[in-house]
Amino acid sequence: MPGTAHTFEPEALDLATFNRMAEFIYRYSGIKMPSNKITMLEGRLRRRLRATGMKSFRDYCDYLFGEGAEREHVYFIDAVTTNKTDFFREPRHFEVMQNDVIPNLVAQGYSNLRIWSSACSSGAEPYTIAMLLEEAVAARQVDNYTILATDLSTEILQQAQRAVYDAPFLAPVPPHLAAKYVMQPLDRHRIDRRISPKLRSRVGFGRLNLMDHAYAVGDPMHMIFCRNVLIYFDKPTQQAVLSRLCDCLLTGGYLFIGHSESIAGMNLPVRQVANTVFVKT
């Protein structure tokens, strides 16, 4: 009918095109994309087809691999990466950090701590760490700290820097910490909250690909968190990433990985001190 708007829908993502994309995802990010994820990938990429004006997934794939498409690589990876996170996720890690790791580092003579959240997603992990380090500063346990927070996704890093979250997402934050470090809106009907400026000033954000051959993160870290990202890598990639992370950790520093992850069978300069917590030897 005249005047009726039609929404263009491309044909389904075919297996050959999917395989080309999956190979690129693996080479670029280390993430394995099995064929049972074809429907998920198709759904996530429809927005990129609209944004680029491509009429089919095959055309988009050709564009992605053509000259001058480096910027699209970033948008593509943003679209396909999964960003699951929570405040105080795997809380036992933060108990170990408070009760064991910080006192041990202080005993080694470190009072200015450097921490790296290497797959920070939307910011819940680095802001959780910052809350506990701020408490340690207030208790005169440590003098100062800085947190580097990196991720592969530029889109998710923008969310992390805004530091605005719906109230239910902040529910795991203990009330005494929320009272100090979560701002309340003047409009009581709003459900979003923002992390306090004090904490935001402690966290520096940047884009980093764990598949890079070296990590330009400055001086060695006292703690590195790399949690729940290794599960997306195959064993050789896990070994390579963890080796590079250990290169960025000072001797006596601590590495945290996810509770569902393991370093069994890997040759790394660490020993286990708690469940999925390791110290560099």
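Residues numbered from 1 in each chain as written. Predicted model: local features only at pLDDT ≥ 70, side-chain atom pairs only at ≥ 80, totals over all residues. Heavy atoms only, no water.

**What about the sheet that holds strand 7 (residues 221–226)?**
- What the seven strands build is an open sheet, ordered 6-2-1-7-8-10-9; its pairing is mixed. Lying at the two open borders of the sheet, with one neighbouring strand each, are strand 6 (203–207) and strand 9 (270–274). Adjacent strand axes in the sheet meet at a mean angle of 20 degrees when their direction is disregarded.
- On top of the sheet, helix 5 (residues 92–107) reaches strand 1 (112–117), strand 7, strand 8 (249–257), strand 9 and strand 10 (277–280); it is set at about 175 degrees to strand 8, its chief contact. (Pairing = 2+ DSSP bridges. Helix = DSSP H or I, 4+ residues; strand = E, 2+ residues; numbered from the N terminus. Axes fitted to C-alpha atoms, helices over the stretch in contact; angles between N-to-C directions. Contact = heavy atoms within 4.5 Å.)

**Structural notes on the sheet that holds strand 4 (residues 182–183)**
- In spatial order, the strands read 3-5-4; together these three strands make up an open sheet with antiparallel pairing. Looking at the sheet topology across the chains shown, the edges are occupied by strand 3 (164–166) and strand 4.
- In this sheet, strand 5 (residues 192–195) lies alongside strand 4 in antiparallel orientation, the contact comprising two bridges. Note that in strand 5 the partner of Met183 across the bridge is Arg194.

**Quick notes on the packing of aromatic side chains**
- Evaluation of the coordinates by the stated rule reveals 13 aromatic pairs.
- Aromatic side chains Tyr60 and Phe76 sit 6.3 Å apart centroid to centroid with 45 degrees between the ring planes, which places their arrangement in the tilted category. Taken together, the residues Tyr60 in helix 3 (residues 57–64) and Phe76 in helix 4 (residues 70–80) connect sequence positions 16 residues apart. Pair check on accessibility: Tyr60 and Phe76 agree, each one buried.
- A centroid spacing of 6.0 Å and a plane angle of 65 degrees characterise the contact between Tyr127 and Phe205, whose relative ring orientation is edge-to-face. Here Tyr127, found in helix 6 (residues 124–138), pairs with Phe205, found in strand 6; they are 78 residues apart in sequence, far enough to count as distant.
- Grouping aromatic residues by their ring pairs yields a cluster made of Phe24, Tyr28, Tyr60, Tyr63, Phe65 and Phe76.
- Just above the ring of Tyr75 sits the side chain of Arg71; from NZ or CZ to the centre is 4.9 Å.
- The ring of Tyr145 is capped by Arg202, whose NZ or CZ atom sits 4.2 Å from the centre of that ring. (Phe/Tyr/Trp six-rings, centres within 6.5 Å; stacked < 30°, edge-to-face > 60°. Buried < 20%, exposed > 50% of the residue type's maximum accessible area, 1.4 Å probe, protein only. Lys NZ or Arg CZ within 6 Å of the ring centre and 35° of its normal.)

**With respect to the nonpolar core**
- The biggest cluster of nonpolar side chains holds 46 residues, and the ones touching the most others in it are Leu45, Phe76, Trp116, Tyr215, Leu242 and Leu245.
- For this core, the elements supplying multiple residues, two or more each, are helix 1 (15–29), helix 2 (38–52), helix 3, helix 4, strand 7, helix 10 (235–247) and strand 8.
- At six residues, helix 1 tops the list of elements feeding residues into this core.
- If we ignore the near neighbours within four places in the chain, the residues touching Trp116 are Leu148, Thr150, Leu208, Tyr215, Val217, Met221, Met223, Ile224, Phe225, Leu245 and Cys248.
- Counting 45 residues, the second-largest nonpolar core is a separate cluster that includes Val96, Val142, Phe256 and Val277. (Core = buried A, V, L, I, M, F, W, Y, C linked by side-chain atoms within 4.5 Å.)

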